[in-house]
Each structure stands twice: as structure tokens, then as C-alpha cells.
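# Summary of the model geometry
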Amino acid sequence: MSVVVRWPDGREQDCWSPSLVMHEHLAEGEAYTVTDFTRRAVHALGIASDRVRAKHGFACTAAAATAEQISRAATAYAADDLVEVVRMWPPMPEEER
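The following paragraphs examine the structure supplied in this document. (Residues numbered from 1 in each chain as written. Predicted model: local features only at pLDDT ≥ 70, side-chain atom pairs only at ≥ 80, totals over all residues. Heavy atoms only, no water.)

### Things to note about the sheet that holds strand E1 (residues 2-6)
As a reminder of what qualifies: By definition, two strands form a pair when at least two bridges between them are found by DSSP. Strands here mean DSSP runs of E at least two residues long; helices mean DSSP runs of H or I at least four residues long; both are numbered from the N terminus. A fitted line through C-alpha atoms represents every axis, and for helices the fit uses only the stretch in contact; the resulting angles, taken between N-to-C directions, go from 0 to 180 degrees.
One open sheet accounts for four strands, arranged E2-E1-E4-E3; its pairing is antiparallel. With one partner strand each, in any of the chains shown, strand E2 (12-16) and strand E3 (31-33) form the two edges of the open sheet. Taking each pair of neighbouring strands and ignoring which way they run, the sheet shows an average axis angle of 30 degrees. Where E1 meets E2, five bridges bridge the pair, whose relative direction is antiparallel. For Ser-2, the partnering residue across the bridge sits in E2 and is Trp-16.

### Points about the nonpolar core
So the rule is basically this: Only buried Ala, Val, Leu, Ile, Met, Phe, Trp, Tyr and Cys residues count toward a nonpolar core, and they belong to the same one when joined by side-chain atoms within 4.5 Å. Burial here depends on accessible area, computed with a 1.4 Å probe over protein chains only, as a share of the maximum for the residue type. Under 20% is buried, over 50% is exposed, and the range in between is partly exposed. When checking whether two residues touch, look at their non-hydrogen atoms; a contact exists if any pair is within 4.5 Å.
Core analysis: the largest hydrophobic core is formed by 26 residues, its most contacted members being Val-3, Val-5, Trp-7, Met-22, Leu-26 and Phe-37. For this core, the elements supplying multiple residues, two or more each, are E1, helix H1 (34-56), helix H2 (61-74) and strand E4 (82-89). Counting residues per element, this core draws most heavily on H1, which supplies seven residues. Not counting residues within four places of it along the chain, the set of residues in contact with Val-3 comprises Gln-13, Asp-14, Cys-15, Met-22, Leu-26, Val-85, Arg-87 and Met-88.

### Remarks on H2
Count 3.6 residues to each turn of an α-helix, and residues three or four apart come out pointing the same way. For clarity, the cut-off: For a helix, the expected span equals 1.5 Å multiplied by the number of residues minus one. The arc in question is the one spanned by the directions pointing from the helix axis to the C-beta atoms.
Spanning 14 residues, H2 covers 20 Å between terminal C-alpha atoms, matching the ideal 20 Å at 1.5 Å per step. Of all the residues in H2, the buried ones are Ala-63, Thr-66, Ala-67, Ile-70, Ala-73 and Ala-74. Angular distribution of buried residues about the axis of H2 spans 130 degrees; they occupy a single face of the element. More than 90 degrees from the buried face of H2, the exposed residues found are Thr-61 and Arg-72. Here the buried face of H2 lies against E2 and H1.

### Overview of H1
With 23 residues, H1 should reach 33 Å at 1.5 Å per residue; the first-to-last C-alpha distance of 32 Å fits that figure. Of the positions making up H1, those classed as buried are Val-34, Asp-36, Phe-37, Thr-38, Ala-41, Ala-44, Leu-45, Ala-48, Ser-49 and Val-52. The inward-facing, buried residues of H1 contact E1, E2, E3, H2 and E4. Residue Gly-57 follows H1 closely and has a positive phi angle near 90 degrees.

Following this line, the structure appears as C-alpha cells:
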């Protein structure tokens, strides 16, 4: 899935996850402090990677790379600056809401 976020300086970043688990930790249209967003996103990507490991026998390196990109980007901002979740695609299926 793809999660597009807008950092405090207006820059948008497309973050990829192999799992819809991101919907359980972030919400489209919500704003989070840099610290909270980073914590939530990195945690969710860890869960996503674990799901890949359980299904395929190996961790998802792309999820780890996305977590690293988010963590690196976050260092450019103050902890209480806001990050907005602009878009999450695909949406969570109705039967899982």
C-alpha cells in the first residue's frame, strides 16, 4: 500500500508498505507530531515486515527501507512539528473496518 505524507516544510513523501496494517496506525487526513508519526509508521512497517516473514520466510527489506527513509526525514524537523497523512491507498476493505 502507499501512504503519502506531507512533512512540515510542505514536502510530500510516498511511503510504501507491503501490508494494509498502516490503516491500523495512521489515518488519512490526520496530522501527527513528527515524533508520533515516526513511532507509529516505523512500528506499523515492522509489523508489515513480520507478516511478510510469516508468509514467505523472509523479512521485507522494502518495509525496512521505508522505515529508514521516514526516520531519516524526521530528523530535519522539530519533534512537535506536524506531519499530515495526505492519502492512503488502497483503502481498508469495508469488511475489515
